[in-house]
2 protein chains.
Amino acid sequence: MNPTNPFTIGLDKNPANYVPLSPLTFIERSAAVHPHHVAVVDGTHRYTWAESFARCKRLASALQRLGIQEGNTVSIMAHNCHEMFEAHFGIPVLGAVIHAINTRLDASNIAFMLDHAASKVLIADREFSSVIREALDQMKGPKPLVVDIDSPQATSGDRIGEMTYEDLLASGTIDFPWTPPRDEWQAIALGYTSGTTGNPKGVVTHHRGAYLNAISNLLAWDMPRHSVYLWTLPMFHCNGWCFPWTLAAISGTNVCLRKVDTEKIYELIEKEGVTHYCGAPIVHNWMVGASPDLRSKKQHKVQGMVAAAPPPAALLASMEENNFQITHVYGLTETYGPAVVCEPHKEWEKLPIGNKARMNARQGVRYHMLEALIVADPETLEPVPADGETIGEILFKGNNVMMGYFKNPEATENAFRGGWFHSGDLGVMHPDGYIQIRDRSKDIIISGGENISSIEVQDVLYMHPAIQAAGVVACPDTKWGETPCAFIELKPGNESLTAADVISFCREHMATFKVPKHVVFGELPKTSTGKIQKFKLREMAKEHAV
Amino acid sequence: MNPTNPFTIGLDKNPANYVPLSPLTFIERSAAVHPHHVAVVDGTHRYTWAESFARCKRLASALQRLGIQEGNTVSIMAHNCHEMFEAHFGIPVLGAVIHAINTRLDASNIAFMLDHAASKVLIADREFSSVIREALDQMKGPKPLVVDIDSPQATSGDRIGEMTYEDLLASGTIDFPWTPPRDEWQAIALGYTSGTTGNPKGVVTHHRGAYLNAISNLLAWDMPRHSVYLWTLPMFHCNGWCFPWTLAAISGTNVCLRKVDTEKIYELIEKEGVTHYCGAPIVHNWMVGASPDLRSKKQHKVQGMVAAAPPPAALLASMEENNFQITHVYGLTETYGPAVVCEPHKEWEKLPIGNKARMNARQGVRYHMLEALIVADPETLEPVPADGETIGEILFKGNNVMMGYFKNPEATENAFRGGWFHSGDLGVMHPDGYIQIRDRSKDIIISGGENISSIEVQDVLYMHPAIQAAGVVACPDTKWGETPCAFIELKPGNESLTAADVISFCREHMATFKVPKHVVFGELPKTSTGKIQKFKLREMAKEHAV
């Protein structure tokens, strides 16, 4: 109350006019308004919103009976399946925190995370039983109770838990009261980022941010009610970019996909009438690279969201030819997934494909619910000029920025220094206010004292018609300090391309000092999301050190 | 911090991860992302988002120089014009409160409001100079500084202020720092509800609620980026249902309309490519009742949002024939305008028009960002059975429920009793979870101890092909206590319809005790929003008392 402001008197919060924001209210609404609409398609399982919500209530109730309460962590390691979707609601409604594990991790990483998160329960697909058994052995602290997802779609693995997920659900009740969190500033999820050095950091997000970013996804994408969303993106990845909650808001349909397989993808697009999906550029590449037979199954327009790397011009062109519309987004685990969108302008539609691709290759502008996005000197916080050239660090401010790193006050403080979230990504600000990543701090190549953006070199390589994928990293060099080393995956049938061809192509399109000194052909190491693993390339590049 | 919950330690709010919610950030975003897109069309004025934002900054800066600060009220009495739109941003960014005045009010009402709100500044279209001069004379407290909107479109009135709106803007600077509110629980607007007894009550809303309801409008309507919105709804009415802020969120275009005039409406729909508009059923009626020549100007599909009264079947049918799609919403000034939507189901599309209209006539389900909506006994708060028959009071809970009534703790406490906002509207809950209004508490007719819903009787009257509009109220009756009295406006060319015809039509469609005892023909008194003024009908009905 401020006595000089009459609008602070007698106008306080009360239970009728203040409710903590939480995306968990969305599923309750969909179950009430569209109870018979299909919420989840997973193999032969089809659950309506009413059924899905009932299962979430059973899960919550069953976990509560096991003693799970506010502040406890429940871990889950699963493919994109209905259980994973349910976990995004049934765990946090208890005030507990969902920790989704990257399915590609090895036992030591998993053991570290289970210990660090002090997980009370681990729900896991039996396909991962072998690595999980090993991880449990390696744990130092108390082990979680293990619940098996005994999926009929699992192709391997044993049951190693004390009960199955269905047993667990059977022990719960649908009469569980679905109450929002006490406080919107309450943790909803914990997600570990794969650091290149040291242990992974645990990103903690909250109900308020998840609510806002789930809605921001809708605004960035103009995504209407009842959209049909294909899960090409792993749900363990930043909680599927908040899309489990987004889908609940619009009473949409989640079409689950255990593995990225183009045949299965086109089958589901056709059968379920998929309208939207997300993925790294490689996923989109696979889709347009499918056989004409497969591609002909899709007649309607499908919206694709791309992140992790800018979509090259050639990809954009073939996506358009195949009646896909692409929206480019950017974000980090620390920003709940995408928080920046390359919002299209009508004028761009008239541009030649190359220019259009250049516009769309930029990371873009803030999500509606991100309050500020700048490119600035990381120390002085002075924004760089909007000239498209001066490199600075990309800084975020908003409600969809994480609470901090779990049990890591130093890293938290460092990430938030000066009142901004420091992304560690380097970029430029274009005159029209769109940002573009030039590199991760650690990906900048410093050659003879000059900064070389590895992304800029990659972008040129992607222009070459024979190149499928390219990753450029620093190679130690006694003379120059570092030089660019290019790893290249060729399109089938282009094996005659030589390193000299590549270097000569580069010379035509960039300053000489930026031209790769080494060119290595072969399949590139990628993450489960299709992102090229630069730290592996850096290891490989050391072999070429001079 | 809760020491037993590790997720409360070292994960606090800081300037990077917590920003108060405010719809004022939307205009900043549109100005940055779509600076050259047209924000406002008003007569011969066309302002882009960059220009519009610059004008808002000038307004804020100029008001600040006049001494306006946090907690001050700035009143505005204007048609739907660019100045009114700008006021929704330029006033609240100072922490000041925008008070928009209903342009149909008389001097005594305006004087009461200016005194009660302690307005420091009154911005007014010169068309209202005569009533404002009178209101200023009647005021008891300090008078506001008057600023004239000297619109070239004004057809009458004098300049009575100390400066024009353009003079005011010229005294401001575009370098004004656009900072969000200190606190999202800070008043943004004050709107008076026209009570039928006693003085009007001042509804106070805040930044958090305006932000959420502005976005909820998008979700309820699947309203995409760059929608073109025609202002058939007065902006003074619950801040135009939050649509000034909604349009800023999606970088849409505001097409201003001083008066509801079908010729002008169709001209603007055609010329500006209008995609969306809102209004009471009467507005939609006028639109489909326009000459075929006018109607033929609109080729594309247009979305209409209807509130204030359920859209009758005949109206829905002709809207469909004319390629309008109607969404029915419901709310109150206390809920920031619409907070309930009759969310359509695909299955309804196949229904015969009568059944479809019955489904759409229901008020519906909670907005995404309203957390709870029930029909309950107002004393025990026990929900009524979902049988579509048992009448209870419609109660709301959520962030888009007002802060309270200004300087009226008793009314505030009464409205929020039991932790719910009491709407004063009586309704039923259908088995599918959709609510339907049966009446305002005061509109129920009690005849021989039986409750008669005036809306139910009206709905039947609207089914008659000769009836354009109908209002049913209680008529005092010595025998029955009250009896229904019907006021009827006929469609042109149907003047031969008699009271006996109407009564006989009613007998066919309702229980005898509900049939109006009196039928009065003539034009119905309506508010500026096209809502039938029942309190006037009640006065008129007294002449028929027996």
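Since the model is a prediction, treat every value here as computed from it, not as a measurement.

A. Representation of the relation of the copies chain B and chain A within the structure. Structural alignment of chain B on chain A gives an RMSD of 0.1 Å, achieved by rotating through 180° and translating 0.0 Å along the axis. Taken together, the rotation and translation describe the operation of a two-fold axis. Both copies share a contact surface, since 100% of the interface residues of chain B are interface residues in chain A too.

B. Main features of the sheet that holds strand E15 (residues 337-341) of chain B. Residue and element names in this part refer to chain B. Pairing is mixed in the open sheet, where nine strands are placed in the order E2-E1-E11-E10-E12-E13-E14-E15-E16. If you trace the sheet from one side to the other, it starts and ends with strand E2 (45-48) and strand E16 (365-366), each paired once. Alignment of strand E14 (residues 324-332) against E15, held across four bridges, turns out to be antiparallel. What sits directly across from Tyr330, in E15, is Val340.

C. Looking closely at empty space enclosed by the protein. Residue and element names in this part refer to chain A. Tallied over the entire structure, the rule returns three cavities of 30 Å³ or more. Contributing to the lining of the largest cavity are Ala189, Leu190, Gly191, Val203, Thr205, Cys238, Asn239, Thr333 and Tyr336. Where the lining of the largest cavity is concerned, the elements lending two or more residues are strand E8 (187-193), strand E9 (201-206) and helix H8 (238-241). Among the elements that make up the lining of the largest cavity, the one with the highest residue count is E8 (three residues). A per-class count over the lining of the largest cavity returns five nonpolar, four polar and no charged.

D. Here's a closer look at the packing of helix H10 (residues 262-272) of chain B against helix H11 (residues 281-288) of chain B. Residues and elements named next belong to chain B. Between H10 and H11, whose axes approach to 9 Å, the crossing angle comes to 75°. Overall, the two elements H10 and H11 adopt an arrangement that is roughly perpendicular. For the pair H10 and H11, the contacting residues are Thr262, Ile265, Tyr266 and Ile269 in the first and Trp286, Met287 and Val288 in the second. Here the residues of the contact of H10 with H11 sort into six nonpolar, one polar and no charged.

E. Layout of the pairing of strand E3 (residues 73-77) of chain A. All names here are of chain A. Where burial is concerned, most of E3 is hidden: five out of the five residues are buried. Of the two faces of E3, both are covered, the one formed by Thr73, Ser75 and Met77 as well as the one formed by Val74 and Ile76. Where E3 meets strand E5 (residues 119-125), five bridges bridge the pair, whose relative direction is parallel. The residue bridging Val74 from the neighbouring strand is Val121, located in E5.

About the thresholds
- Residues numbered from 1 in each chain as written.
- Chains lettered and ligands numbered in written order.
- Predicted model: local features only at pLDDT ≥ 70, side-chain atom pairs only at ≥ 80, totals over all residues.
- Heavy atoms only, no water.
- Least-squares fit on C-alpha atoms with pLDDT ≥ 70 in both.
- Contact = heavy atoms within 4.5 Å.
- Pairing = 2+ DSSP bridges.
- Helix = DSSP H or I, 4+ residues; strand = E, 2+ residues; numbered from the N terminus.
- 1 Å grid on protein atoms, 1.4 Å probe; cavity = no way out; pocket = protein on both sides within 12 Å on 5 of 7 lines; lining within 4 Å.
- Points joined across faces, edges and corners; volume = space filled by probe spheres on them.
- Nonpolar A, V, L, I, M, F, W, Y, C, P; charged D, E, K, R; others polar.
- Axes fitted to C-alpha atoms, helices over the stretch in contact; angles between N-to-C directions.
- Parallel < 35°, antiparallel > 145°, perpendicular 65-115°, else oblique.
- Buried < 20%, exposed > 50% of the residue type's maximum accessible area, 1.4 Å probe, protein only.

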